[in-house]
Amino acid sequence: MFGKVLIANRGEIALRIHRACQEMGIRTVAVHSTADATAMHVRLADESVCIGPPSPRDSYLNVAAILSAATITGADAIHPGYGFLSENARFAEMVEAHGFAFIGPAPEHIRMMGDKIAAKEAMRRLGVPLVPGSEGAVPTVEEARAVAREVGYPVLIKAAAGGGGRGMKVARGETELEEAFRVARAEARAAFGDDSVYIEKFLDRPRHIELQVLADTHGNVVHFGERDCSLQRRHQKLVEEAGSPALTAAARDALGAQVTRALAELGYRNAGTLEFLWQDGRFAFIEMNTRLQVEHPVTEMVCGVDLVKEQIRIAAGERLGYRQSDIRFQGHAIECRITAEDPDSFAPSPGRVTMYHAPGGPGVRVDSALYSGYAVPPYYDNLVAKLIVHAPTRAEAIARLRRALAEMVVSGIRTTLPLHQRIVADPEFQAGDYTIHWLERFVARGREARARAA
Ligand code: MV4
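From a predicted model like this one, the values you see are computed outputs, not experimental measurements.

### Topic: the overall build of the chain
Point 1. Along the chain, the regular secondary structure elements total 15 helices and 20 strands.
Point 2. Scaling as 2.2 N^0.38, a compact globule of 454 residues should have a C-alpha radius of gyration of about 22 Å, and the chain matches this with 22 Å.
Point 3. Counting the 454 residues in the chain, one finds 56% classified as buried.
Point 4. Counting only contacts in the chain whose residues sit at least 6 apart along the sequence, the fraction spanning at least 24 positions is 66%.
Point 5. Summed over its atoms, the accessible surface of the chain is roughly 18200 Å², and 50% of this surface lies on carbon and sulfur atoms.
Point 6. Side chains of the chain give 54 positive and 56 negative charges; the mean places of these two sets differ by 2 Å.

### A short note on the sheet that holds strand β2 (residues 27-33)
Point 1. Across the sheet, 5 strands lie side by side as β3-β2-β1-β4-β5; this open sheet has parallel pairing. Each edge of the sheet is formed by a strand with only one pairing partner; in this case those strands are β3 (47-52) and β5 (101-102).
Point 2. Here helix α1 (residues 11-23) sits on the sheet in contact with β1 (4-7), β2 and β4 (77-79), set at roughly 175° to β1.

### Some thoughts on the pairing of strand β11 (residues 236-242)
Looking down a regular strand, the side chains alternate between one sheet face and the other.
Point 1. The buried fraction of β11 is high, at 6 of 7 residues.
Point 2. The sheet contact formed by strand β10 (residues 221-233) and β11 spans 4 bridges and is antiparallel. Its bridge partner lying in β11, arginine 233 is registered against glutamine 236.
Point 3. Where β10 folds back on β11, the antiparallel hairpin that results is connected by 2 residues, among which arginine 234 adopts a positive phi of roughly 50°.
Point 4. Sheet topology places β11 next to strand β14 (residues 332-339); 4 bridges connect them, and they run antiparallel. When the bridges of β14 are listed, valine 239 appears paired with cysteine 336.

### Considerations on the sheet that holds strand β8 (residues 197-201)
Point 1. Read from one edge of the open sheet, 3 strands run β7-β6-β8, paired in antiparallel fashion. Whereas interior strands pair on both sides, the edge strands pair on one side only; in this sheet they are β7 (166-171) and β8. With direction set aside, neighbouring strand axes in the sheet form an average angle of 25°.
Point 2. Where strand β6 (residues 155-163) and β7 come together, 5 bridges link them in antiparallel fashion. Residue pairing across strands places leucine 156 opposite valine 170, the latter belonging to β7.
Point 3. Sheet strands in contact with helix α8 (residues 174-192) are β6, β7 and β8, and its direction is about 175° off that of β7.

### Quick word on the site of the ligand
Point 1. Looking at the ligand, there are 18 residues lining it, with Lys158, Glu200, Lys201, Leu203 and Glu287 nearest.
Point 2. A distance of 2.7 Å separates a nitrogen atom of the ligand from a polar atom in the backbone of lysine 201.
Point 3. Glutamate 287 is positioned such that a nitrogen or oxygen atom in its side chain is 3.0 Å from a nitrogen atom of the ligand.
Point 4. Summarising the interface, the protein chains cover 92% of the accessible area of the ligand, which totals 520 Å² for the free molecule.
Point 5. If you list the elements that add at least two residues to the shell around the ligand, you get β6, β8, β12 (270-279) and β13 (282-289).

### Considering the pattern of salt bridges
Point 1. If you walk through the whole model with that rule in mind, you get 37 salt bridges.
Point 2. Between arginine 145 and glutamate 178 there is a salt bridge, with the nearest N and O atoms lying 3.6 Å from each other. On the criterion of sequence distance, the pair formed by arginine 145 in helix α7 (residues 141-151) and glutamate 178 in helix α8 is long-range, its members being 33 residues apart.
Point 3. The class of arginine 145 is partly exposed, set by a relative accessible area of 25%.
Point 4. Residue classification places glutamate 178 among the partly exposed positions, given a relative accessible area of 33%.
Point 5. The closest approach of N and O atoms between glutamate 210 and arginine 227, which form a salt bridge, is 2.8 Å. One end of the pair, glutamate 210, is in strand β9 (residues 207-215); the other, arginine 227, is in strand β10, with 17 residues separating them in the sequence.
Point 6. Connected via shared salt-bridge partners are Glu210, Arg227, Lys237, Glu240, Glu295 and Arg337.

### Brief notes about helix α10 (residues 296-303)
Point 1. Of all 8 residues making up α10, 7 are buried, and the element is well covered by its neighbours.
Point 2. Here α10 has its buried residues at His296, Pro297, Val298, Thr299, Glu300, Val302 and Cys303.
Point 3. Remark: glycine 304 follows α10 within two positions and exhibits a positive phi of approximately 65°.

### A closer look at helix α5 (residues 107-114)
Point 1. Here α5 has its buried residues at Pro107, His109, Ile110 and Met113. Down the axis, α5 shows its buried residues gathered within 165° of arc, on one side only.
Point 2. Turning to α5, the residues buried within the fold contact α4 (89-97), β5, α6 (116-125), α9 (249-266) and β13.

### Thoughts on the side chain of aspartate 342
Point 1. As for its placement among the helices and strands, aspartate 342 is situated in the loop between β14 and β15 (351-352).
Point 2. The contact partners of aspartate 342, leaving out residues within four places of it in the chain, are Ala347, Ser349 and Arg414.

### Structural notes on the environment of valine 29
Point 1. Here valine 29 shows up in strand β2.
Point 2. Here the alpha-carbon distance between valine 29 and isoleucine 7, two residues 22 residues apart in the chain, equals 6.1 Å.
Point 3. Those residues in contact with valine 29, other than ones at most four positions away along the chain, are Lys4, Val5, Leu6, Ile7, Ala45, Glu47, Val49 and Thr73.

### Quick word on unusual backbone geometry
Point 1. Cis geometry marks the peptide bond from tyrosine 153 to proline 154, where omega comes out at -5°.
Point 2. Locating proline 154 in the fold gives a position in the loop between α7 and β6.
Point 3. Positive phi values are uncommon outside glycine, yet arginine 234 reaches one of about 50°.
Point 4. Residue arginine 234 is classed as exposed on the basis of its relative accessible area, which comes to 60%.
Point 5. Phi angles above zero are rare outside glycine, and histidine 235 is one such case at about 65°.
Point 6. Considering the arrangement of structural elements, one finds histidine 235 in the loop between β10 and β11.

Calculation notes
Residues numbered from 1 in each chain as written. Predicted model: local features only at pLDDT ≥ 70, side-chain atom pairs only at ≥ 80, totals over all residues. Heavy atoms only, no water. Helix = DSSP H or I, 4+ residues; strand = E, 2+ residues; numbered from the N terminus. Rg over C-alpha atoms; globule rule 2.2 N^0.38 Å. Buried < 20%, exposed > 50% of the residue type's maximum accessible area, 1.4 Å probe, protein only. Contact = heavy atoms within 4.5 Å. Areas by Shrake-Rupley, 256 points an atom, 1.4 Å probe, with all protein chains shown as cover. Lys, Arg positive; Asp, Glu negative; His and termini not counted. Charge placed at Lys NZ, Arg CZ, Asp CG, Glu CD. Pairing = 2+ DSSP bridges. Axes fitted to C-alpha atoms, helices over the stretch in contact; angles between N-to-C directions. Near = heavy atom within 4 Å. Polar contact = N/O pair within 3.5 Å; in protein donor to acceptor, adjacent residues only side chain to side chain. Salt bridge = Lys/Arg side-chain N within 4 Å of Asp/Glu carboxyl O. Arc of directions from axis to C-beta.

Shape is all these values report; function is a separate question.
Shown next as structure tokens:
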């Protein structure tokens, strides 16, 4: 096992990785920007190295500085967390070339899944169900028209280098297609330096359901069920659940069996998440994420697994110590992402946290790097806490969530806590009756109600 791990990240996820290492008897090295000198991940780590000024480009994305920090501290491995360098295949290669273990997938798989066309092609070959659409890239508007006619309108034109909602254009009919195609290509070229696009049938009311997997370096692949991440606004998730209120155990098992077979065939290793759209009782693969995800705790709660420890063990060459049949899904878990934003306008709200009080009690987990007196810096993403609850049933999890949200205090800055309180009190949310469009409409309804009241 590793003696020392460098954590190439900040905030709650740096702390989450530190906690896993600590319990495994592994020493930790925090890296930080000058803006994060007093951050909790720096305070708790065994050692810390300042790697640059506040701008992420100069610090958390500064590969040379991070590799130097690993070298001078004698780290054995690097955990990239999420965001920043976590899905940068070049970084993973450099980490390995410098003699460190990369706690994540092989660079070739990071690269493959970063190219959304290559990812879909791999999944098609491996028998995973896809959204109907083009076979590969669509280079001309004539081909775009032919594909769209075949799959039927509306269609979505997506950038191969996009993902997470970046670089998509809808065409509702043939009159819109040419313009949408040209704009999608131009935007893809400007944003990613790659104007490859592909086309899919546009699903109008899907749920976003993702499947968590782990693979070791000995050919074992296990899945940990699904997360329903449909509750998002502008591609930022606010609430995630495990399992999905829409899925039966049989549907989960069937999908899981297909996916684990596919990833074993691919020779994938470490943690991965496959994203699907789910509509009319069918799954359709859209993308794969080759990192630990923000919402991993809901899976940990229902499966009783520590995904970060598993990632570290896998990177050290250990075998998964269990089979698929050993994985049991117990109860229901829900996560609220609490961000430093105005709960109505979503304007960022960095600044000094004058008081922080985390909720507790049975089935409550808070993943956060906050403390009273901490100043949330304006340079990074505004996630300040994840509140996760676990209970035997979904109804009990919701009751627990309402109770925990009422206990939690973050003062001095605005947060999305009041919005989460409104969501969990909503009858449609309580019924589990939502698609990817539900939250935007809920937010709009709230705005209208407040405008009328004012
Ligand atoms: C789609 C879609 C409808 N049809 N693909 C957005 C994020 C990216 N991961 C894929 N996305 C979508 N792809 C087809 N063929 C709708 C979305 C989408 C979405 C997906 C998941 C969660 C939230 C979303 C919000 C808007 C659009």
